[in-house]
Amino acid sequence: MDTDDLGLFGPGSVTWKVHEEPILIVAGLRSLYLQALHPLAMAGVAQNSNYRTDAWGRLVRTATYVATTVYGTTAEAQAAGARLRRVHDRLRATDPRTGEEFRIDDPDLLRWVHVTEVESFLSTARRAGLPLSDDEVDGYYTEQRRAAALVGLDPTIVPGTAAEVADYYEAVRPQLRMTREAAETAVFLTAPPLPWKVSLPVRLGLTLGPPRWAYLGIAGTAFALLPTWARRMYGGLGLPTTALSADLTVRALRLAFAAVPRRYLEGPLMQAAKERAARHAAASLAG
């Protein structure tokens, strides 16, 4: 097993360029708002997940999985995918509308989660100011078919360009609905229990300290970054000014992250990947 390879993507990939952006924390939240609009995907999460009692643990596990597929070695990425497939393989849920049982690893559901996630990563990074050409945008979607394969999807059924992603959204929108579960999830995502102990007591017994306000700002930005049709489904405004405000806010957040030393923003998987890439580059020059 090669423990020093550059993984599924590597330093020359669009994937590494996009995922170096700390602003993707906003993108991850955006994708969850979007995913909740699919009734079966939402039912699958609600019936098989403890996200309400372990929201932050689930977030950390998801972030670690994504980081492993992006920055881990090929063997690490494949092992992470295999573990996820084993979990999905034994999970079932019931359609709340028809009462029919369905598999969590149904290809249509896996594709929905994949597309909403990668489209959120890409669109958020781009709207935050990351310069990407149209070819790089298509390149990112094509590269991410490798990540789709890890969860058991046939890469040929996964959108691989911006045009294919747009067509996919257009085709799937009739299946989406604003359900009670989606509304409850949106409220939970906007104001979850925070893990920090720092809080500022205010009137009416609320604890709305700096961490809560900071998170509310991120959640509000993530929601505003949703496609116009998704915001309208949630009952929010679909005005162009909403999108403009979101763009300005997410750009400001990206600038704020840029002021933070990189060592505080790069996780161990990213650091290890960069070290491997540096060794490969040095060996190539030496050879």
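Our structure is the block above this text.
Structural notes, computed from the coordinates. (Residues numbered from 1 in each chain as written. Predicted model: local features only at pLDDT ≥ 70, side-chain atom pairs only at ≥ 80, totals over all residues. Heavy atoms only, no water.)

**What about the overall build of the protein?**
Check the secondary structure of the protein and you find 14 helices and two strands. The principal-axis extent of the C-alpha atoms belonging to the protein is close to 65 × 45 × 35 Å. Buried residues in the protein amount to 43% of all 287 residues. Intrachain contacts of the protein at a sequence separation of at least 6 include 71% that bridge at least 24 residues. Just so you have it, the protein exposes about 14,900 Å², and 59% of that area is on carbon and sulfur atoms. Averaging the positions of the 32 positive and the 30 negative side-chain charges in the protein gives two centres separated by 7 Å. (Helix = DSSP H or I, 4+ residues; strand = E, 2+ residues; numbered from the N terminus. Buried < 20%, exposed > 50% of the residue type's maximum accessible area, 1.4 Å probe, protein only. Contact = heavy atoms within 4.5 Å. Areas by Shrake-Rupley, 256 points an atom, 1.4 Å probe, with all protein chains shown as cover. Lys, Arg positive; Asp, Glu negative; His and termini not counted. Charge placed at Lys NZ, Arg CZ, Asp CG, Glu CD.)

**Overview of the side chain of Ser 13**
One can find Ser 13 in the segment before helix H1 (14-19). Looking at Ser 13, its side chain comes within polar contact range of the main-chain oxygen of Gly 10, at 2.7 Å. In terms of polar contacts, Ser 13 uses its side chain to reach the backbone amide nitrogen of Trp 16, at 3.1 Å. (Polar contact = N/O pair within 3.5 Å; in protein donor to acceptor, adjacent residues only side chain to side chain.)

**Description of the packing of aromatic side chains**
Under the counting rule described, the total for this entry stands at eight aromatic pairs. Their ring planes at 85° and their centres at 6.4 Å tell us that Tyr 33 and Tyr 234 sit as a pair that is edge-to-face. With a gap of 201 residues between them, Tyr 33 in helix H2 (residues 24-35) and Tyr 234 in the loop between helix H12 (228-233) and helix H13 (240-258) connect regions that are remote in the sequence. Looking at Tyr 33, the relative accessible area reads 1%, which means it is buried. (Phe/Tyr/Trp six-rings, centres within 6.5 Å; stacked < 30°, edge-to-face > 60°.)

**Quick notes on the environment of His 114**
Tracing the backbone shows His 114 in helix H6 (residues 107-127). Judged by relative accessible area, His 114 falls into the buried class, the value being 9%. Considered as a pair, His 114 and Leu 153 are 39 residues apart in the sequence and their alpha carbons are 9.4 Å apart. Apart from residues no more than four positions distant in its own chain, His 114 is found in contact with Gln 144, Ala 148, Leu 153 and Val 158.

**Regarding helix H7 (residues 134-143)**
When we look at burial in H7, the residues that qualify are Val 137, Gly 139, Tyr 140, Tyr 141 and Glu 143. Structurally, H7 contributes buried residues whose contacts are with H1, H6, helix H8 (145-150) and helix H9 (162-172).

**Structural notes on the packing of H2 against helix H10 (residues 180-190)**
Two numbers describe how H2 lies on H10: the axes approach to 9 Å, and their chain directions differ by 165°. In terms of axis orientation, H2 runs roughly antiparallel to H10. Considering the relative orientation of H2 and H10, their crossing is left-handed. Contacts from Leu 29, Leu 32 and Tyr 33 of H2 reach H10 at Ala 186, Leu 189 and Thr 190. Residue composition of the contact of H2 with H10, by class: five nonpolar, one polar and no charged. (Axes fitted to C-alpha atoms, helices over the stretch in contact; angles between N-to-C directions. Parallel < 35°, antiparallel > 145°, perpendicular 65-115°, else oblique. Left-handed = near helix turned anticlockwise from the far one by under 90°. Nonpolar A, V, L, I, M, F, W, Y, C, P; charged D, E, K, R; others polar.)

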